[in-house]
Amino acid sequence: MALRPYAVAKRTLGMADKLLDVNWGLVLLISIIASAGIAMLYSVAGGHWNPWALSQLSKFVLGFLIMVVAASIDVRVWMSLAYPAYGLALLLLVAVDVAGHVGLGAQRWIMLGPLELQPSELMKISLVLALARFLHGKSVEEVSKPLNLGIALVMIGVPALFVVIEPNLGTTLIIVMDGISLLFLAGLSWYWIIPAVSAIVTAIPLAWRFVLHDYQKARVMTFLNPEADALGAGWNITQAKIAIGSGGLSGKGFLQGTQSRLNFLPEKQTDFIWTSLCEEFGFVGAVAMLVLFATVIFYGVQIAMSARSQFARLLSMGVTLNFFFYIMVNGLMVMGLIPVVGIPMPLLSYGGTAMLTVMFGFGLLLSVHVHRQVEIPRHSGGII
Amino acid sequence: MPLFDKKDKSRYATFSRRSLAMGGGMALVFAVLGGRLYQLQIRDGEEYKTEAEDNRINERLLAPPRGRIFDRFGVELANNRRNYRVLLVAEQATDGVAEALDTIGEVIQLTDVQKKRVMTELAQNKKFVPVPVAENLTWEEFSRINLHLPYLPGVQPDVSETRDYPYGPEMVHVLGYVASVSEQELAHDDDPLMSLPGMRIGKRGIEKEFDKQLRGRAGASRVEVNAYGRVIRELGKDPGVPGQDVWLSLDGELQRFADQRLSGESAACVVMDATNGDVLALSSTPGFDPNWFNVGVTGPQWRELATSEYKPLLNKAIAGTYPPGSTFKTAMALAAVDNGMDDLVVDCTGSIRLGDHTFYCDAWRIGGHGHVSLTRGIQVSCDIYFYEVARRLGIDKMAEAANALGLGSPTGIELPGELGGLIPTRAWKMKRFGVPWQQGETLVNGIGQGYVLATPIQLCTLAARLATGKAVSPRLAHQVGGALQSHPLAAPLPFSDKAFAMVREGMGMAVNAPGGTAYGSRILQPGFEMAGKTGTAQVRRITREERQSGLTPQSQLPWAQREHALFIAFAPLDNPRYAASIVLEHGGNAHTEPQVQFARDILTFAQTRDTLGKQTAYPPINAAAAVPPTPTTNGGQKFAKAGY
């Protein structure tokens, strides 16, 4: 298939066309996963809609609308909004450190009217947008030029710095992984990658000594030997493993999870929702959920591969990877394979900002899908 | 500038290649997650299921009701009283705990100290844990609380059980008491009940001796709990086994009478059935209130108990050891008859010289007792006579006789902490001090001084054995749960009937014949007459100067330096049924013999009440053993008429 010149490409699609063109299979998958999440929130509340399930349902509905709206907006518009969104997210991030109120010993929220906003969640999507925008016009050689690489690293590093001092190690990790992944996809040279990886490996002991907070060190130590402190800091991991393991092959049944119902699971409605799912639906249910997640990611990768502009490719792959990193970090964490870092399971865990940003991310992914035929010149800055 | 240059192609290829690689990486991570799920849920699933159940299910112990203690007639001496109390649950007190306490204070009396304690306890416990506000309420107070319950959010009326001793200090040295489990006891007893909060176990007396039987077996309630320990629901229940009741041979009324009669003194008294050893009363004064220990003894209470000169914590009846003094002469007389001294007559001049030491008799001031026979020796308690008996017997024969009569080793009474007293021998002295026995010591020990030590219960056993000629041993527990306690039949003692007859006659004369040491306090009521032997135990040495200048009257000495006064007795004289012993610490008074008066009153009370004639609440043990010995005299009146 010959490439359609940009001038020939349909500049705009009608709203009806766009809605018809949305990948509804993907939307269905997302809705199934979110419904399962709401059902789990209903279960961990002891079979009640309050306090979590109903609230989560309303957030999902709102997120769904955001997703559809985002899908219908031209990918070039998103390209134009990439830098302003990044700037706004960075501003809010700075604001939490100044005006954010204290919760769980870490400053992570900002009150926006009645909404509790987590700028670090916004930052993940904004960074993906901005980096995709920045790398859009860069060839493989240009990406590896020190200046461009430097700018990209600053774009990643500045928000990462503000998130890490919140302190929120988990989100910092995901922001950095998102950014580095985009650099990698944009064609960063192995001559940079290999020395960088070696440097990181040597930096870990130094970080341990000088950077990590005591509670973060405690989490790592607890992870390495949870049974040493089974009633203290190791409680979370130990109880999560018991919950998952006791689910067995087919689970204890909906509403029958004793570990969550009797409060043995900490933060059962947020970071540890996965353990409740494993407990009530067993190996069968958990694997089915993993398959659903993997299918969503498969769709994401497919959409990225079929997009016709570097911005759209990087954006959709970035959004997909962001979704994946959530699942990976949360899954490995609650199953006791990495230290406990505060990362929710996307679409399943209770939490407004995470739900809205994940749904917004899917909106961007769908926008790329809807506008997959749109080609953007290398030096274009998008349209508004 | 072209819209799409060649570089686009290469970077798209790179993107696709690297995207696929990352896709592969993601697939790998999913495989790891799936593998981990397999590991946790399939491979180790059963193990985690067990752990989840352990988390969820809690065994709550249920304390069985403690067995009761009865006397021989079925009177409750220790029971479980309903403890009406008020609990407060912080999370249910919607108006706040301070307000709740104030409201409770309007219904029942609450001191500020109580309120403060409740606030502290509430602060220390989880919000759903009920904390006792007031205990041991009257039924009226409890009813008032129940009436006001609708206005008392968070208040829970509750009925629990607490150990109660209706007769308080009067029985404490027999029954003992219960108190909280100590760390040490917890470590040495694997009964799950021991770790139950509020658990009380026997610490002394019968409560300790039969603690295992009285305690019962713990019940359990299987409950589902949440992570904070709150009970969600009950899954199953095992009611456990209630503690077994214990029936004692004690006569509660006699015990109370004896204890009241001795009150104000530091004294001990044992009364037993002379025919079988059933202990009817065992008193040690002063006592203390066992209920104090149940609720927790206070600092001042403890200091008073621990420092009192009268030693209220000591059960003197089984753990007080005293020189038996002249009561020991009965044992010496028994041995004397069987060693050819039945017709020994000694001329008492008031003192006797042995080597360079002079031994005195009580009658030394009036020039001695004159010609003294064996029975008269007992009657007037002539030391000179028994010096001669002791000299002829020698220490080892003396010890042999004393041991046969129950002295020198614990009697085996079912009470913890019994001491064995001491009957010295040559071998004992060599072992203890590394020096050989002196003949002078034989003489001193022959009148129950020197090394000889005995407990009141041993002395009572001695009295019973003299009265019956059988090796009766004291026993207290008759029936535990449904099981009668087994006691061996009392074997005949290795002394001749003639010996027993002579000693009994001497003891009868000591009480009932004019000139007898206890004559002033004899029982006058026909048929109830007692026989006995007084004794005095010196707690200090009488110096030669004192002998010369005249002895200081006992009443003018400091209390702790006065002599102990002892008495052993049996009654009635013709057909002994009751044996008794009394030790009155530092109560010596040669004129009034107060210890004899106590014995007189207690034995009169027992015989008037006819303790042993009454039907017991349980069947007799070894009924065949309860054969009274043949009467040896025709009654106490004979002595008076014969004009001794």
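The rules behind each value
Residues numbered from 1 in each chain as written. Chains lettered and ligands numbered in written order. Predicted model: local features only at pLDDT ≥ 70, side-chain atom pairs only at ≥ 80, totals over all residues. Helix = DSSP H or I, 4+ residues; strand = E, 2+ residues; numbered from the N terminus. Buried ≥ 20, exposed ≤ 12 C-beta atoms within 10 Å, placed from the backbone. Contact = placed C-beta atoms within 7 Å. Core = buried A, V, L, I, M, F, W, Y, C linked by C-beta atoms within 7 Å. Pairing = 2+ DSSP bridges. Axes fitted to C-alpha atoms, helices over the stretch in contact; angles between N-to-C directions. Nonpolar A, V, L, I, M, F, W, Y, C, P; charged D, E, K, R; others polar. Left-handed = near helix turned anticlockwise from the far one by under 90°.

Caption draft 1: Highlighting the overall build of chain B. Helix and strand counts for chain B stand at 24 helices and 21 strands. In chain B, which comprises 644 residues, the share counted as buried stands at 44%. Summarising the internal contacts of chain B: among those between residues at least 6 apart in sequence, 76% fall at separations of at least 24.

Caption draft 2: How the structure looks around the overall build of chain A. Within chain A one finds 15 helices and 3 strands. Here chain A, with 384 residues, has 52% of them falling under the buried criterion. Long-range pairs, those at least 24 residues apart, make up 73% of the contacts in chain A between residues at least 6 apart in sequence.

Caption draft 3: The nonpolar core, seen in detail. Among the nonpolar cores identified, the biggest contains 131 residues, and B:Cys269, B:Val271, B:Ala463, B:Ala569, B:Phe570 and B:Ala580 are the most heavily contacted of them. Excluding its chain neighbours within four sequence positions, the residues that come into contact with B:Ala463 are B:Ile568, B:Ala569, B:Phe570, B:Ala579, B:Ala580 and B:Ser581. Among the nonpolar cores identified, the runner-up in size contains 121 residues, and A:Ile30, A:Met67, A:Leu356 and B:Leu33 belong to it.

Caption draft 4: View of the sheet that holds strand E8 (residues 219-225) of chain B. Residues and elements named next belong to chain B. On the basis of which strands lie adjacent, the open sheet formed by 3 strands has the order E1-E8-E9 and antiparallel pairing. Both edges of this open sheet fall to strand E1 (57-62) and strand E9 (231-238), since each of them pairs with a single strand only. Direction aside, neighbouring strands of the sheet carry axes that sit 30° apart on average. Bridging between E1 and E8 involves 6 bridges; their strand directions are antiparallel. Paired with glutamate 59 across the bridge in E8 is arginine 222.

Caption draft 5: Fine view of the interface of chain B and chain A. Taken together, the contact between chain B and chain A spans 37 residues of the former and 43 residues of the latter. Within the residue set of the side of chain B that touches chain A, elements represented by two or more residues are helix H1 (6-43) and helix H2 (45-56) of chain B. The biggest single contributor to the side of chain B that touches chain A is H1(B), with 22 residues. Of the residues in the side of chain B that touches chain A, the class split is 17 nonpolar, 10 polar and 10 charged.

Caption draft 6: Spatial organisation of the sheet that holds strand E19 (residues 531-537) of chain B. Residue and element names in this part refer to chain B. What the 5 strands build is an open sheet, ordered E12-E11-E21-E20-E19; its pairing is antiparallel. In this open sheet, the two strands that pair with only one neighbour each are strand E12 (279-285) and E19. Within the sheet, the average angular offset between the axes of one strand and its neighbour, ignoring direction, is 5°. Inspection of the sheet shows strand E20 (residues 564-571) paired to strand E21 (residues 578-584) by 7 bridges, in the antiparallel sense. By the bridge assignment, alanine 571 is partnered in E21 with tyrosine 578. Against the sheet, helix H20 (residues 456-468) contacts strand E11 (267-273), E20 and E21, and its axis sits at roughly 145° relative to E21. Contacts from helix H23 (residues 594-609) reach E11, E12, E19, E20 and E21 within the one sheet, and its direction differs from that of E21 by about 150°.

Caption draft 7: Structural view of helix H10 (residues 252-262) of chain B. All names here are of chain B. When you tally the buried positions in H10, you get 8 out of 11 residues, the bulk of the element. Those residues of H10 that sit buried are Gly252, Leu254, Gln255, Phe257, Ala258, Asp259, Arg261 and Leu262. In the stretch just after H10, glycine 264 is the one whose phi turns positive, near 90°.

Caption draft 8: How the structure looks around unusual backbone geometry. Omega for the bond connecting A:Asn50 with A:Pro51 falls within 30 degrees of zero, at 0°, which places this linkage in the cis form. Mapped onto the elements of the fold, A:Pro51 is located in the loop between helix H2 (24-44) and helix H3 (53-72). Note that the residue after B:Ala571, namely B:Pro572, is joined by a cis bond; omega there is -10°. On the secondary structure map, B:Pro572 appears in the loop between E20 and E21. At B:Asn136, a position not held by glycine, the phi torsion is positive, near 55°. Within the element layout of this structure, B:Asn136 appears in the loop between strand E4 (130-134) and helix H5 (139-148).

Caption draft 9: View of the environment of A:Leu249. Assignment of secondary structure puts A:Leu249 in the loop between helix H11 (235-246) and helix H12 (258-261). Along the primary structure A:Leu249 and A:Val284 are separated by 35 residues, whereas in three dimensions their C-alpha atoms are 6.1 Å apart.

Caption draft 10: Representation of the packing of helix H8 (residues 169-185) of chain A against helix H14 (residues 310-334) of chain A in the model. Residue and element names in this part refer to chain A. Packing of H8 against H14 brings their axes to within 9 Å, and their N-to-C directions diverge by 145°. Our pair here, H8 against H14, has a crossing hand that is right-handed. Together, Gly170, Leu173, Ile174, Met177, Asp178, Ser181, Leu182 and Leu185 of H8 and Leu314, Met317, Gly318, Leu321, Asn322, Phe325, Tyr326 and Val329 of H14 make up the contact between the two elements. Looking at the contact of H8 with H14, its residues break down into 11 nonpolar, 4 polar and 1 charged.

Caption draft 11: Just the environment of B:Pro166, in detail. Mapped onto the elements, B:Pro166 comes out in the loop between strand E5 (155-164) and helix H6 (172-175). Spatially, the C-alpha atoms of B:Pro166 and B:Asn291 are 9.3 Å apart, while their sequence positions differ by 125 residues.

Caption draft 12: Inspection of the pairing of E12(B) at higher detail. Residues and elements named next belong to chain B. Counting buried residues in E12 gives 7 out of 7 residues, a clear majority hidden from the surface. Direction of pairing for E11 relative to E12: antiparallel, over a ladder of 6 bridges. Among the inter-strand pairings, methionine 272 is bridged to a residue of E12, identified as valine 279. Connecting E11 to the antiparallel partner E12 that follows it, the hairpin turn spans 5 residues, and glycine 277 within it adopts a positive phi of roughly 90°.

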